[in-house]
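Observations on the model geometry
Spelled out from the first residue to the last, the chains are:
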Amino acid sequence: MVVSLDDIDRRILAALSDDGRMSMRTLAERLHISRANAYARVQRLRDANVIRGFRADVDHVAAGMGTSAYVTVTLRQAEWRTVAPQLRALPGVVHIALVGGEFDAILLVRARDNEHLRRLVLDVIQGMAGVVNTRTLLVFEEAEPSSYASMWASD
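Computed from a predicted structure; not experimentally measured.

Some words on the environment of Tyr70
On the secondary structure map, Tyr70 appears in strand β1 (residues 67-75). Distance from Tyr70 to Asn114, taken between C-alpha atoms, is 13 Å for residues 44 residues apart in sequence.

Comments concerning helix α2 (residues 24-31)
Of the positions making up α2, those classed as buried are Leu27, Ala28 and Leu31. Buried residues in α2, looked at end-on, bunch into an arc of 95 degrees, giving them a common side. Check the buried side of α2 and you find it contacts α1 (7-18) and α3 (35-47). Positive backbone phi, approximately 60 degrees, marks His32, located one or two places after α2.

Details of α1
Here α1 spans 17 Å end to end across 12 residues, near enough to the 16 Å set by a 1.5 Å rise per residue. Buried within α1 we find Ile8, Asp9, Arg10, Ile12, Leu13, Ala14, Ala15 and Leu16. Those residues of α1 that are buried are in contact with α2 and α3. In this structure Asp6 caps α1, since a side-chain oxygen of it lies 3.1 Å from the backbone nitrogen of Ile8.

Some points on the pairing of strand β3 (residues 105-111)
A large share of β3 lies buried, amounting to 6 of its 7 residues. Looking at chain direction, β1 and β3 are connected through 7 bridges and run antiparallel. Counterpart to Thr72 in the pairing with β3 is Ile106. Two strands pair when backbone bridges link them, and strand β2 (residues 93-98) and β3 are joined in this way by 5 bridges, in the antiparallel orientation. Each residue of the ladder has a partner; that of Ile96, found in β3, is Leu107.

A look at the pattern of salt bridges
Across all of its chains, the model carries 9 salt bridges by this definition. When the shortest N-O distance is used, the salt bridge between Arg41 and Asp9 registers 2.8 Å. Taken together, the residues span a long stretch of sequence, with Arg41 in helix α3 and Asp9 in helix α1 at a distance of 32 residues. Across this residue pair, the class does not change: Arg41 and Asp9 are buried. Between Arg119 and Glu115 there is a salt bridge, and its shortest N-O distance comes to 3.3 Å. Of this pair, Arg119 and Glu115 both sit in helix α5 (residues 114-125), separated by 4 residues, roughly a single helical turn.

Each value, and the rule that gives it
- Every chain is numbered independently, its residues counted from 1 as its sequence is written.
- In keeping with the model being predicted, local features are shown solely for residues with a pLDDT of at least 70 and side-chain atom pairs are shown and tallied solely at 80 or more, while totals for entire chains, interfaces and linings include all residues.
- The side-chain quantities take in all heavy atoms of the structure and omit both hydrogens and water.
- We count a stretch as a helix when DSSP gives it H or I for four or more residues in a row; a strand needs E for two or more, and each element gets its number in order from the N terminus.
- Relative accessibility decides the category of a residue: with a 1.4 Å probe and only protein chains considered, values under 20% of the type maximum give buried, values over 50% give exposed, and everything between is partly exposed.
- Arc definition: directions from the helix axis to the C-beta atoms.
- Contacts are assigned to residue pairs that have any heavy atoms within 4.5 Å of one another.
- Helices are assigned an expected span. That span is 1.5 Å times one less than the residue count.
- Residues adjacent in sequence count toward polar contacts only when both atoms are side-chain atoms; beyond that, a polar contact is any pair of N or O atoms within 3.5 Å, and within protein one must be able to donate a hydrogen and the other to accept it.
- Any two strands with at least two DSSP bridges between them are considered paired.
- Any Lys or Arg side-chain nitrogen found within 4 Å of a carboxyl oxygen on Asp or Glu counts as a salt bridge.

The structure is reproduced here in structure tokens:
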């Protein structure tokens, strides 16, 4: 279900996207609304699953996962429902998207090193029933967006 967001809701999402640990008091002060209003709006956004949770922003290199790659996966027809849970369970797979085009899914994978990535792709993913082939795109450098605030800008 799509939730209708007003300007204050979008400003709440932008602020919490930048700092998910922000207190309700700080959020209210920053947006010039009451704490009760901030709390009620955040709770409404959580209840509607617009805000699904709060997570730590982990530096994957500092955490020992210095190799990143996008892995495209081509599947046999109708195998997505069987393969998807297996892919989600793999350590190091941080994002999965079912896509249209020349392949069926794309994964963002974090690994300790190239050897770890090789084993994950060649031994594990390519060994799954239903996987026809994979293509690995090694990431040389990543740039984080400066802010998510523009995503929530008013139209």
